[in-house]
Amino acid sequence: MADHEEAQVGNGRDAPAGGGSPAGGGSPRSRPTGHRELKDFGRQHTSKGMLFESDETDASLTVRAEENDRSVRAAERLMHYVDAVVAVAQTLLILPLTDAAEEADSIHDFFEGQSKIYAGLISFILITFFWIDHDLLFSHVSHLSTFVTLTVFFWLLTIVCVPIVTVLLYKRGQLHTDKYTGLPYLVIMIASRIAAIASAWAVRRDPRTWAGGTGPAPYHVYKNVVSCGLFVVALLINEFTPIGLSGLLLLLLRAPIMWYVGRRWPEIHARPRRPGAGSETSLGE
């Protein structure tokens, strides 16, 4: 009797949970094995998908990096090209003076052609200041847009015209009194300032061109506007007064004007940040 009860208890312990038989409920080991296989299969395919997605991400990042490098190199090449054109223009201003020095029998003879010396010196100084303004603006540029590039080439066109109109000044030998000779000279100068204004405006309007996430301050636009206005006044003085191109001395007023404007409206020195990088902050010019 005891052996029979122990056999029944033993059979109860060995029976499947829930009263299911191997035939009806299946083997107790078959289901967990199937779940593990399904999980392993899912893990394998999920890891393959993640690897594929990671490869696509790395490829897209590589393409973006290459495009960014090409854009930066294009901006650098344009700046080198600008430097070369400006250097050639200034060299052309000096070459006539070297020819005059070779033809002169003495220093006195050389300085008799004062109009040639004055015209060459004035143009050389003006081109130097134009280049400094341009270089300061494009120190904030690491990429180029089509419109920015067009404004740069328009500016270069005005620069290469400076030696031509300078020769017209001393060719006729009327540096101070001939208003018709001074007219094309001042028109080219005004056109150069208009091109500089367009470049500064275009760069400020396009955050994609900014270097380091910050763009140029409004100061770069306003100082060229002031220069353009002073050239216009000099043009009027040249046309309607007997002092001719002496009105170019008005350009000396740009520095005190911009100093006053900067003191009165200090926000013109605030450099804007690219959208998403924060608000405007005063970081100088």
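S.K.: Can you lay out the overall build of the protein chain for me, pointing to particular residues and giving the numbers?
M.R.: Scanning the protein chain from N- to C-terminus turns up 9 helices and 2 strands. For the protein chain, the sequential pattern of α-helices and β-strands runs α-α-α-α-α-α-α-α-α-β-β. For the protein chain, with 285 residues in total, the buried portion stands at 34%. Within the protein chain, residue pairs in contact and separated by at least 24 positions form 74% of the contacts whose partners lie at least 6 positions apart. With the model as given, the accessible surface of the protein chain reaches about 17,600 Å², and the carbon-plus-sulfur share is 63%.

S.K.: Go over helix H6 (residues 146-171), please, and point to the residues and values.
M.R.: Here H6 is 26 residues long and its end C-alpha atoms lie 38 Å apart, about the 38 Å a rise of 1.5 Å per residue gives. Maximal helix bending in H6 amounts to about 30°, located at valine 162; proline proline 163 follows within four positions.

S.K.: Help me get a handle on the pattern of salt bridges, residues and values and all.
M.R.: As enumerated under the stated definition, the model contains 4 salt bridges in all. Its salt-bridge partner being arginine 208, residue aspartate 206 comes within 2.9 Å of it at the nearest N-O pair. Given the relative accessible area of 11%, aspartate 206 is considered buried.

S.K.: Any details on the packing of aromatic side chains? Residues and values, ideally.
M.R.: Applying the stated criterion across every chain, the model contains 3 aromatic pairs. Arranged with centres 5.9 Å apart and planes meeting at 45°, the rings of tyrosine 81 and phenylalanine 153 form a pair that is tilted. With tyrosine 81 in helix H3 (residues 30-103) and phenylalanine 153 in helix H6, this residue pair connects regions lying 72 residues apart in the sequence. A residue is classified by how much of its surface remains accessible, and tyrosine 81, at 43% relative accessible area, is partly exposed.

S.K.: With reference to specific residues and values, describe the packing of helix H5 (residues 114-138) against H6.
M.R.: Where H5 meets H6, the axes come as close as 8 Å, and the angle between the chain directions of the two elements is 170°. With respect to H6, the element H5 is oriented roughly antiparallel. For the pair H5 and H6, the contacting residues are Ser115, Lys116, Ala119, Gly120, Ser123, Ile127, Phe130, Trp131, His134 and Phe138 in the first and Val148, Val152, Trp155, Ile159, Val162, Thr166, Leu169 and Tyr170 in the second. Of the residues assigned to the contact of H5 with H6, the class counts are 12 nonpolar, 5 polar and 1 charged.

S.K.: Let's hear about the side chain of aspartate 133: which residues, and what values?
M.R.: Locating aspartate 133 in the fold gives a position in helix H5. In this structure the side chain of aspartate 133 is engaged in a polar contact, spanning 3.4 Å, whose partner is the side chain of lysine 223. Look past the residues within four positions of aspartate 133 in its chain and what remains in contact with it is Arg193, Lys223, Asn224 and Arg254.

S.K.: Quick rundown of the packing of H5 against helix H7 (residues 179-205)? Include the residues and the values.
M.R.: Where H5 contacts H7, the axes come no closer than 10 Å and their chain directions differ by 5°. Considered as vectors, H5 and H7 are oriented roughly parallel to each other. Only Tyr185, Met189, Ser192, Arg193, Ser199, Ala200 and Val203 of H7 make contact with H5, whose side of the interface consists of Ile122, Ser123, Leu126, Phe130, Asp133, Leu137 and Phe138. Class assignment of the residues belonging to the contact of H5 with H7 gives a composition of 9 nonpolar, 3 polar and 2 charged.

S.K.: Before we move on, could you go through the nonpolar core and cite the residues and values that matter?
M.R.: Membership of the largest hydrophobic core comes to 41 residues, with the highest contact counts inside it found for Phe138, Trp155, Tyr185, Leu186 and Phe231. Secondary-structure elements contributing two or more residues to this core are H3, H5, H6, H7 and helix H8 (219-240). By residue number, the principal contributor to this core is H7, which donates 10 residues. In contact with tryptophan 155, other than residues within four places in its own chain, are Val82, Val86, Phe130, Trp131, His134, Ser192, Arg193, Ala195 and Ala196.

S.K.: Explain the confidence of the model for the protein chain to me, and be specific about the residues and the numbers.
M.R.: Put simply, the protein chain has an average pLDDT of 79, and 71% of its residues get 70 or more. Scored below 50 in pLDDT, residues 1-32 makes 5 contacts in the model with residues more than four places away or belonging to other chains. Within the model, pLDDT remains below 50 along residues 279-283, and this stretch shows 13 contacts once partners closer than five positions in the same chain are excluded.

Basis of the calculations
Residues numbered from 1 in each chain as written. Predicted model: local features only at pLDDT ≥ 70, side-chain atom pairs only at ≥ 80, totals over all residues. Heavy atoms only, no water. Helix = DSSP H or I, 4+ residues; strand = E, 2+ residues; numbered from the N terminus. Buried < 20%, exposed > 50% of the residue type's maximum accessible area, 1.4 Å probe, protein only. Contact = heavy atoms within 4.5 Å. Areas by Shrake-Rupley, 256 points an atom, 1.4 Å probe, with all protein chains shown as cover. Expected span 1.5 Å × (residues − 1). Bend = angle between axes of the 7 residues up to and from the residue. Salt bridge = Lys/Arg side-chain N within 4 Å of Asp/Glu carboxyl O. Phe/Tyr/Trp six-rings, centres within 6.5 Å; stacked < 30°, edge-to-face > 60°. Axes fitted to C-alpha atoms, helices over the stretch in contact; angles between N-to-C directions. Parallel < 35°, antiparallel > 145°, perpendicular 65-115°, else oblique. Nonpolar A, V, L, I, M, F, W, Y, C, P; charged D, E, K, R; others polar. Polar contact = N/O pair within 3.5 Å; in protein donor to acceptor, adjacent residues only side chain to side chain. Core = buried A, V, L, I, M, F, W, Y, C linked by side-chain atoms within 4.5 Å. pLDDT = per-residue confidence, 0-100.

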